[in-house]
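What follows is each chain in one-letter form.
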Amino acid sequence: MSSAGAATLGFGALGAPAAFAATAPKLPGEVSRVSNVLTQKGRKLYDNIEVDIGGDRARLFIPQTISRNTTASVGAVWFYHAASSSHNALNGGFKYPGELVVDQNTIAICINAGGTQYTNSIATTAQKNAWTYLNSLYTVRRNFLRATSFGGSLACYTYGKKLIPYIRGLYMVNALYDNEWLYAYDTKNQAHVGDAYDNNQTLIKGTNPARISATPWTNSRVKVLVSDDAHPDNVVIPSKNGLALINKIKPVAADAQVMYHTLAHETPGFAHTDMMKTFAQWSA
């Protein structure tokens, strides 16, 4: 996307490109930083920063167009990683879409959320703490959620339970919605959902996003990308997850979309640009 296009999207604070910030003050809990990184597409400067937030690690891409301690409102895209991954997914599979976010003068953030913890107390506490942390540094007034695979569980719970405010929408790719379904389906516990709850089905049920009624999803915006029937996703079955969420919220949602692909549980390349197009629509 061009810089001219960025000005029409309303993702974050706009303005002239910032100068190199080689001596920028450290963020609270900062662990490491790579400064003056250029995005692949828009050639925008950002800092790639790892922080510790109350014992949970997070990685942030901070555009150098955004300054701390300003009243100008900005946006943030929260990336929810797959099982057995971490906040460092922002340096991996989420790097390109994270940089597309930076091109729109918007913060990209991926929290570890305790690792593969789904929606247990470790994960939900990490989510709430990360919001408090980010909003203490920047005036964040637009939050977008982007989830892949088993990361969809925490993203759906965050939206449905409003663990953070100012959510403009959720974009899910082959993503989990029903923890109880996964527990019954994954009999070998390779997804570690049982581990996250000590195989206590009462705990799994208690924070299962699929147990949230339709009412809290009123005026929500959700788009799911799932593989079609001819190319089945046997890791996260769409009919039990993304499509089930859409069917529940469609009567009350402001926007409930489905897009199909042919790559089973793999993320299609078009998802990144479609994500940005969708977030732009929701930001308007």
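Thresholds applied
Residues numbered from 1 in each chain as written. Predicted model: local features only at pLDDT ≥ 70, side-chain atom pairs only at ≥ 80, totals over all residues. Heavy atoms only, no water. Salt bridge = Lys/Arg side-chain N within 4 Å of Asp/Glu carboxyl O. Buried < 20%, exposed > 50% of the residue type's maximum accessible area, 1.4 Å probe, protein only. Helix = DSSP H or I, 4+ residues; strand = E, 2+ residues; numbered from the N terminus. Axes fitted to C-alpha atoms, helices over the stretch in contact; angles between N-to-C directions. Parallel < 35°, antiparallel > 145°, perpendicular 65-115°, else oblique. Left-handed = near helix turned anticlockwise from the far one by under 90°. Contact = heavy atoms within 4.5 Å. Nonpolar A, V, L, I, M, F, W, Y, C, P; charged D, E, K, R; others polar. pLDDT = per-residue confidence, 0-100. Pairing = 2+ DSSP bridges. Right-handed = clockwise from strand over helix to strand, strands pointing away. Core = buried A, V, L, I, M, F, W, Y, C linked by side-chain atoms within 4.5 Å.

### Thoughts on the pattern of salt bridges
The final tally for this structure, using the stated rule, is seven salt bridges. The partner of aspartate 52 in a salt bridge is arginine 57, and the shortest N-O contact between them spans 3.4 Å. You can call aspartate 52 partly exposed: its relative accessible area is 29%. With a closest N to O distance of 2.8 Å, glutamate 180 and arginine 211 form a salt bridge. Pair noted here: glutamate 180 is in helix α5 (residues 179-185) and arginine 211 is in the loop between α7 (201-206) and β8 (221-227), with a separation of 31 residues, a long-range link.

### Focus on the packing of helix α2 (residues 95-103) against helix α9 (residues 270-283)
One can describe the packing of α2 onto α9 by two numbers: an axis separation of 10 Å at closest approach and a directional angle of 30°. Taken together, the axes of α2 and α9 lie roughly parallel to each other. With respect to the hand of their crossing, α2 and α9 are arranged in right-handed fashion. Judged by residue contacts, Tyr96, Pro97, Leu100 and Val101 of α2 engage His272, Thr273, Met275 and Met276 from α9. Residue composition of the contact of α2 with α9, grouped by class: six nonpolar, two polar and no charged.

### Regarding the confidence of the model for the protein chain
Put simply, the protein chain has an average pLDDT of 93, and 92% of its residues get 70 or more. Note on residues 1-9: pLDDT is under 50 here. Beyond four places in sequence and across chains, it has 15 contacts. Low confidence marks residues 13-21, where pLDDT is under 50. Its contacts with residues over four positions away, or in another chain, come to 21 contacts.

### Describing α2
For α2, a buried count of seven out of nine residues is recorded, marking the element as mostly surrounded by other parts of the structure. Residues of α2 that are buried include every one of Pro97, Gly98, Glu99, Leu100, Val101, Val102 and Asp103, and no others. After α2 finishes, the residue asparagine 105 shows a positive phi value of roughly 55°.

### Comments concerning the pairing of strand β6 (residues 139-148)
Put simply, side chains in a regular strand alternate between the two faces of the sheet. Burial runs high along β6: nine of the 10 residues are buried. Alignment of β6 against strand β7 (residues 167-173), held across six bridges, turns out to be parallel. Considered in β7, the bridge of threonine 148 is made with valine 173. Running through helix α4 (residues 152-160), the crossover from β6 to the neighbouring parallel element β7 is right-handed.

### Topic: the pairing of strand β1 (residues 30-38)
Pairing between β1 and strand β2 (residues 45-53): six bridges, direction antiparallel. Bridged to serine 32 within β2 is glutamate 50. Turn length for the β1-β2 hairpin, with the two strands adjacent in sequence and antiparallel, is six residues, and the turn residue arginine 43 shows positive phi of about 55°.

### A closer look at the nonpolar core
In summary, soluble globular proteins display a tendency toward joint burial of nonpolar side chains. Ranked by internal contacts, the top residues of the largest apolar core, which has 50 residues, are Trp78, Ile107, Tyr138 and Val222. Element by element, the count of residues in this core is highest for helix α3 (residues 121-137), at seven residues. Excluding anything up to four places from it in sequence, tryptophan 78 contacts Ile109, Ile111, Gln127, Ala130, Trp131, Leu134, Asn143, Phe144, Leu145, Arg146 and Ile164. By size, the runner-up hydrophobic cluster in this structure holds 22 residues, among which are Phe79, Leu100, Val101 and Val102.

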